Amino acid sequence: MEPSSPELPVVTSPMMTGPEVRLVPAVAAAADGGEVDGLPDYMQPVPDFGQEVEEELVHKWTVVKWSTLGTDRHYSPEFNCAGSRWRIMLFPQGNRNPGYVAAFIESLDAAELASRDPKWHACVSFNMRVANPSLEALCGRTSTSQHRFTLTETDWGFSMLIKMSQLTIPHEKFDNRCILEDDCFSIILTMKVLKDPLGILWHNFVDWDSRKETGYVGLRNQGATCYLNSLLQSLYFTNYFRKVSTMAAHLDQAQATYEIPTDNDEPQKSVPLALQRLFYNMQFSSGAVGTTELTKSFGWDTNDAFFQHDVQELNRVLQDNLESKMKGTPAEGAIRKLFTGKMKSFVRCINVDYESSRIEDFYDIQLNVKGCKTLRDSFVEYCAVETLEGENKYFAEGHGLQDSRKGVIFRQFPPVLHLQLKRFEYDMERDMLVKMNDRHEFPLEIELDEFLEEPDMTTDQKYHLHGVLVHSGDLHAGHYCAFIRPEKHGRWFKFDDDRVIPVTDREVLEDNYGGEIGKPNDAPMAAQRMQGARLHKRFTNAYMLVYVRDADLDEVLAPVTDEHIPGHLRRRFEEERLIAERRRKERDEAHLFFNLRVLSDDVIRRHEGHDLASYDDKTPSDFHVLRVRKDDTLRQFVGMIAEELRVGTENIRLWNMVTRQNKSVRPDLPFQEADFDLPLEQLRVKLNKPPAEALRIYAEVCEKPIEAVHDKPVFFWPRTQHSNLLLLFVKYYDPLVPKLEFVSTITILDNHVQFMDIVPQLLELKGLPPKTPVKLFEEVKIGMIEPIKLTDTFKQAELIDGDIICFQRDIVGEGILQISDPQLLSAPGYYEHLSNRITVMLKPKSKELPNKGDFELVLSKKMLQDAVLDKIAATLDIDPLKIRLWNATLGVTPIPRGMIRRTKTATLNEMLGNTFYSQASNVIFYEMLDVSILEFETKRYIKVQFVDATLKEQGPFDLLVLKTAHIVDVLGAAAVKVGFKGDLAHLRMLETSHSRISRVFQRDDLVSAMVDLQGSTLIVEEMCAEEIDKAPEDKVVPVTHFFKDPFRGHSTPFMFVLKPGEMFSETKKRLQARAEMTDKDFAKVKFSFLSQQYRLTPIEDDDILHDRPFVSPDAIGMDHPDKTGRLSRFGAEKAIKILN
């Protein structure tokens, strides 16, 4: 299916018969675009893809005298369909594939129709075949296609409709007749023009303008931030979430995002301000909006933008962060009142009047997909009541073991209900998390009154579907998009990163239910829109649903207008918009302008270093930068720079600057009068300047006239071809400071004078006493500072315009003692010091540890490590001995590479890892320690995880203890870290390997005796009450979790009390309570005795485990699936964190 080649000549052939046009036979097309069973290929109907058909027809065109047609294209007579004119375009010898007949359908009045309506298009589904002129059943294969005909795409068809050799093959079925008969054959076109109510059927979206077409804009994807974009669109269209005006009384007059005070916030560090700006831009921007500023305010770097997270987890973390920012502001409580409901977990005894219950808040509800056909089924399962009886009786305080009912019921639903469909669950057979693509239907409206504990007589719990967040893909990779209905009962739109398009209810519902494709009328519309789409198993389905309560619909979705946005935010964002608009205009007109950097004496004074200024793009000097048009003349430019320098045009002389062979950049010659009327671009070409370099100009300024000619002041000595004038730049070096500074320019009228002749002038320029002994040097280039003899002439020294001379006092005698560093005694030594100067970026090793952010220091490559640490410590305001440093990898986003070992002789250059052959990163990572590095050398870090008596985990934590400490000291440090208030005697430390307890430490064991084993974990465990109160004859043994194979351990192991004479049927009840497992999960556990050699022996109910000998690391094994989810479904675990 390709467009035709337009380069072939057009030939009108008289050897064609007229067309035969007739109505299509009444055969229903397959809704999915596939074949209809029982019909031969040539009778298969044209698919309509579930769209309404505007008009359909069959066009038969008989081609005669085939052998005489040649290679030129030929056209059928015109025919009409759906108010447009069409024809078939034939290439007898093919247009791109020799040996094939090619044919295309062409729109003849596309230009005329598009001139009346720029949005004109025709969506045509069609098929074409070549047949015997009198026997249509004798035909080639039917080719089917569909196309959106527009002004720019007026033809579409088949470049390989049929092989030419097939035209003359005899067919036994038809008495050995051929398709080509009597040098004729027919082309039969069947076409349907489909209605396109949304205007996007088979749209290529190349020129799609979301704002213009839909009124809304999308969000740009930073790499893998589609999940973030989908959530932000959902929150944005929950208008109350961003609104400043108050809500109805039952929402307690709460206010939301725009009401969070952000007047003094920094844009890069304030999540509320970044969110306010994002929402403002989404409302008023003409194009897709970026989210980079928002993710930077999260504390994320570039790598985070390429790590896909779970949208529901992000929603929780973001809402928690905003709630913390809202405390004490007019917006406090807004999120809670908008998204938070209440549920009650209960256990209710059947035969006695006793109930144990707990009421909890929820921000979202996680509902099962597996085993539930509809959303209501999921709610029914969620609220299903479980009966506890027999061995599972509930122990009711004061009543003993009782038959009871256990369940969950809702006390209150929020105005906006977020429902997460559990598409990712653990598959026991495959031993992994998998995506559940099961069909799960959700309605546009749902009644939830039946799931409330007590009916709300004031508010009907009827909810309307507002948004569907969709995941397309599998466990490890995929894409998120959002379907949202912004207005009450309005149209649905699909928000797919930067593109927004209208969609139908079917695309929102049916296409995102999941399940298998194949049933009638069950083809996804989105897939059908793709040309040549194949039907396949659905992997695109709803993951998160947003419902809004009917009673709150008007208020939650009420429009957000300018009045709802605080004035200070409107002003701030409008100023930023104008700045951005100006920059955009500058970019659009960039080809007409260039930036011209001008060097002046004040720029040179601010530059301390080699040459007159730095033209390095990384660290340029602060030149006078003027944006000039390329067609401005040099004379016009003189007026601009005179205004910039605030002097008269007569006080300025402009010099062309050149890059010398030694790489220094110096003034060469002043511009001549003939140059002043040339456009700057033409002048650049004249001077052979490459476009990237543009022009470099030095502006010499003289405010005092040197003489008068015809009563007019003259400010510059005239230059002739034979003049000996020199313009030199003078620098002064003071060894006592030490400092190098630019003093002035001087003009030498005769290059035959000696250097000693200008010494008095130099001393006067610097204000030094007459007859002060001085030394003179010429700054030739970096690394070449040559001494100058005072008796030499300027000609003998071969000085030219733009050269730099440096002078200093000649320090002798006791003055030398005042110089701290002998290298700095003379200017060449100081220049070498400048050559070693380097700007180092300091970054915190971890943003989660104490730090003072990024900062830069200007240091010397030869600086010793102690001196470097002193400089860093002064900035951090910390003892130098409490700092550890790491060098960094090269790259756009450097990361810590290795710790820098402390030595007395290491230089900064060595610390960075620079060598003669390679250049390392100028980034150093730092860590602020709680103790001195000297003390640190006597201590060691121990990473432990704390587990309380109910097996709840905290950590892991890094504990710093003395190397001579005992285990009891580690227990004390862990208790302080987690705020443990109990008896320290109730803590112990375990070593685990692969989720199995391998060692129980004694309290007097030495820390120094501990060996760090790869894969091992240290756990500080709080003993449970049962163990604290155990009898002397009781035995304490380890319990470990695994699934199928003892080498595949999971969850946290723990210690358990065995009682003498107790059968395992009773032990299991206590084990379930200790493991904190539900009846449903505990019923799936298989128990075994796990020996040191990993041998499994099943445990029976009548076994008495206390009688069995346990030798470390023997344990009770619990074989059951891992539900901890320690690995995220996107790969290695990486929790979402918002750091600001």
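This one's a predicted model, so the numbers in the text were calculated from it and none came from an experiment. (Residues numbered from 1 in each chain as written. Predicted model: local features only at pLDDT ≥ 70, side-chain atom pairs only at ≥ 80, totals over all residues. Heavy atoms only, no water.)

Okay, the overall build of the chain next. The number of helices and strands found in the chain is 25 helices and 53 strands. Of all 1140 residues assigned to the chain, the portion counted as buried reaches 49%. Summarising the internal contacts of the chain: among those between residues at least 6 apart in sequence, 66% fall at separations of at least 24. A total of about 55,900 Å² of accessible surface is found on the chain, and carbon and sulfur atoms cover 50% of it. (Helix = DSSP H or I, 4+ residues; strand = E, 2+ residues; numbered from the N terminus. Buried < 20%, exposed > 50% of the residue type's maximum accessible area, 1.4 Å probe, protein only. Contact = heavy atoms within 4.5 Å. Areas by Shrake-Rupley, 256 points an atom, 1.4 Å probe, with all protein chains shown as cover.)

Bringing the pairing of strand β26 (residues 540-549) into the picture now. In summary, the side chains of a regular strand alternate between the two faces of the sheet. Most of β26 sits out of view: nine of its 10 residues are buried. Relative to β26, strand β18 (residues 416-422) is paired through five bridges, and the arrangement is antiparallel. Bridge pairing in β26 places leucine 417 opposite tyrosine 547. Alignment of strand β22 (residues 462-473) against β26, held across nine bridges, turns out to be antiparallel. Of the residues in β26, the one forming a bridge with valine 468 is leucine 545. (Pairing = 2+ DSSP bridges.)

Moving on to unusual backbone geometry. Following valine 737, the chain continues to proline 738 via a peptide bond in cis, the omega torsion being -20°. As for its placement among the helices and strands, proline 738 is situated in the loop between β34 (726-734) and β35 (739-748). The residue aspartate 175 is not glycine, and still its phi comes out positive at about 55°. With respect to the helices and strands, aspartate 175 occurs in the loop between β9 (155-163) and β10 (185-194). Residue aspartate 175 is classed as exposed on the basis of its relative accessible area of 69%. Its identity is not glycine, yet tryptophan 202 carries a phi of approximately 60°, on the positive side. Examined against the element boundaries, tryptophan 202 turns out to sit in the loop between β10 and α2 (210-214).

Turning to the sheet that holds strand β31 (residues 696-701), a few remarks are in order. Within a sheet, adjacent strands bond to each other through the backbone by hydrogen bonds, running parallel or antiparallel. Strands sit in the order β28-β27-β31-β29-β30 across an open sheet of five strands; the sheet is mixed. Each having just a single partner strand, β28 (624-629) and β30 (665-670) make up the two edges of the open sheet. For this sheet, the mean inter-axis angle between neighbouring strands, taken without regard to orientation, is 40°. Sheet strands touched by helix α15 (residues 634-645): β27 (593-599), β28, β29 (652-659) and β31. Its angle to β28, the strand with the most contacts, is close to 145°. (Axes fitted to C-alpha atoms, helices over the stretch in contact; angles between N-to-C directions.)

What follows concerns the packing of helix α5 (residues 271-284) against helix α7 (residues 311-326). Each pair of packed helices can be described by the angle between their axes along with the distance between the axes. Packing of α5 against α7 brings their axes to within 10 Å, and their N-to-C directions diverge by 110°. The orientation of α5 relative to α7 falls into the category roughly perpendicular. Within the contact between the two elements, α5 uses Val271, Pro272 and Leu275 and α7 uses Leu318, Asn321, Leu322 and Lys325. Of the residues assigned to the contact of α5 with α7, the class counts are five nonpolar, one polar and one charged. (Parallel < 35°, antiparallel > 145°, perpendicular 65-115°, else oblique. Nonpolar A, V, L, I, M, F, W, Y, C, P; charged D, E, K, R; others polar.)

Turning to the packing of aromatic side chains, a few remarks are in order. The full count for this structure, using the stated rule, is 36 aromatic pairs. Sitting over the face of the ring of tyrosine 615, arginine 696 holds its NZ or CZ atom 4.4 Å from the ring centroid. Positioned above the aromatic ring of phenylalanine 1089 is the side chain of arginine 1108, whose terminal nitrogen or guanidinium carbon lies 4.4 Å from the ring centre. (Phe/Tyr/Trp six-rings, centres within 6.5 Å; stacked < 30°, edge-to-face > 60°. Lys NZ or Arg CZ within 6 Å of the ring centre and 35° of its normal.)

In this structure, Phe241, Leu275, Leu278, Phe298, Val311, Leu322 and Phe495 are the most contacted members of the largest nonpolar core, which totals 52 residues. Apart from residues no more than four positions distant in its own chain, leucine 278 is found in contact with Leu219, Leu232, Val289, Gly290, Thr291 and Leu294. Judged by nonpolar contacts, the second largest core, of 38 residues, contains Leu419, Phe451, Leu452 and Phe483. (Core = buried A, V, L, I, M, F, W, Y, C linked by side-chain atoms within 4.5 Å.)

Turning to the packing of helix α3 (residues 226-236) against α7, a few remarks are in order. Two elements in contact, α3 and α7, have axes separated by 9 Å at closest approach and are oriented at 55°. Judged on the interaxial angle alone, α7 and α3 are oblique. Judged by the twist between their axes, the crossing of α3 over α7 is right-handed. Along its contact with α3, which presents Tyr227, Leu228, Leu231 and Leu235, the element α7 presents Val311, Leu314, Asn315 and Leu318. When grouped by side-chain class, the residues that make up the contact of α3 with α7 number seven nonpolar, one polar and no charged. (Left-handed = near helix turned anticlockwise from the far one by under 90°.)

Quick look at the pattern of salt bridges now. This structure, assessed with the given rule, holds 57 salt bridges. Arginine 87 serves as the salt-bridge partner of glutamate 106, at 2.9 Å between the closest nitrogen and oxygen. Taken together, the residues span a long stretch of sequence, with glutamate 106 in strand β6 (residues 100-107) and arginine 87 in strand β5 (residues 84-91) at a distance of 19 residues. By the burial criterion, glutamate 106 is buried, and arginine 87 matches it. One network of salt bridges, with partners in common, ties together Lys344, Arg348, Glu355, Arg411 and Glu453. (Salt bridge = Lys/Arg side-chain N within 4 Å of Asp/Glu carboxyl O.)

So, about the pairing of strand β43 (residues 923-928). The element β43 is largely enclosed, with a buried count of six among its six residues. Burial along β43 is two-sided: Val923, Phe925 and Glu927 and Ile924, Tyr926 and Met928, pointing in opposite directions, are all buried. Bridge count for strand β39 (residues 837-844) against β43 is four bridges, and the pairing is parallel. Looking at the pairing, methionine 841 lines up with valine 923 of β43. Sheet analysis places strand β41 (residues 883-888) next to β43, joined by five bridges and oriented antiparallel. The residue of β43 that forms the bridge with leucine 885 is tyrosine 926.

Our focus in this paragraph is a nonpolar patch on the surface. Nonpolar side chains collect at one region of the surface, where Ile706, Trp717 and Leu749 lie side by side and expose about 250 Å² of accessible area between them. Within the secondary structure layout, isoleucine 706 lies in the loop between β31 and β32 (707-709). (Patch = residues over 30% accessible without salt bridge, like charges linked within 9 Å, V, L, I, M, F, W, Y side chains within 5 Å.)

Among the structural elements, leucine 1018 can be located in strand β48 (residues 1016-1022). Spatially, the C-alpha atom of leucine 1018 lies 6.8 Å from that of lysine 943, the residues being 75 residues apart in sequence. Dropping the residues within four chain positions of it, leucine 1018 is found in contact with Ile942, Lys943, Val944, Gln945, Leu990, Glu991, Phe1001 and Met1010.

Before going further, it helps to spend a moment on the sheet that holds strand β42 (residues 896-899). Ordered by their spatial adjacency, five strands build an open sheet running β40-β39-β43-β41-β42, and the pairing between neighbours is mixed. The two strands at the open ends of the sheet, each matched to only one other strand, are β40 (855-860) and β42. Pairwise comparison of adjacent strand axes, ignoring direction, gives a mean angle of 40° for this sheet. In the packing of helix α19 (residues 865-876) onto the sheet, contacts are made with β39, β40, β41 and β43, and the angle to β40 comes to roughly 155°.

Before going further, it helps to examine α19. Along its 12 residues, α19 runs 16 Å from first to last C-alpha, staying within 8% of the 16 Å computed at 1.5 Å per residue. Here α19 has its buried residues at Gln865, Val868, Leu869, Ile872, Ala873 and Leu876. End-on, the buried residues of α19 take up no more than an arc of 135°, which puts them together on one face. Of the surrounding elements, those touching the buried residues of α19 are β39, β40, β41, α20 (908-912) and β43. Once α19 finishes, aspartate 877 follows within two positions and takes phi at roughly 55°, a positive value. (Expected span 1.5 Å × (residues − 1). Arc of directions from axis to C-beta.)

A few words on helix α18 (residues 827-835). Regarding α18, the residues found buried are Ala827, Gly829, Tyr830, Tyr831 and Leu834. Where α18 is buried, its residues contact β34, β35, β36 (774-781), β37 (784-788), β38 (804-809) and β39.

With that settled, the discussion passes to the confidence of the model for the chain. Across the chain, the average pLDDT comes to 84, with 89% of residues at 70 or higher. Every residue in residues 1-33 is under pLDDT 50, and counting partners more than four places away or in other chains gives 94 contacts. Low confidence marks residues 244-255, where pLDDT is under 50. Its contacts with residues over four positions away, or in another chain, come to 33 contacts. (pLDDT = per-residue confidence, 0-100.)

By the element assignment, asparagine 751 lies in the loop between β35 and α17 (759-766). Among all residues touching asparagine 751, those that are not within four sequence positions of it are Asn724, Leu726, Thr793, Phe794 and Lys795.

This next bit is on the environment of threonine 905. Mapped onto the elements of the fold, threonine 905 is located in the loop between β42 and α20. Judged by its relative accessible area of 63%, threonine 905 is exposed. If near-sequence neighbours (up to four positions away) are discounted, threonine 905 is found in contact with Leu864 and Glu910.

Within the secondary structure layout, glutamate 1026 lies in helix α23 (residues 1025-1028). The partly exposed category is assigned to glutamate 1026, whose relative accessible area is 26%. If we ignore the near neighbours within four places in the chain, the residues touching glutamate 1026 are Phe1056, Val1057, Lys1059 and Arg1070.

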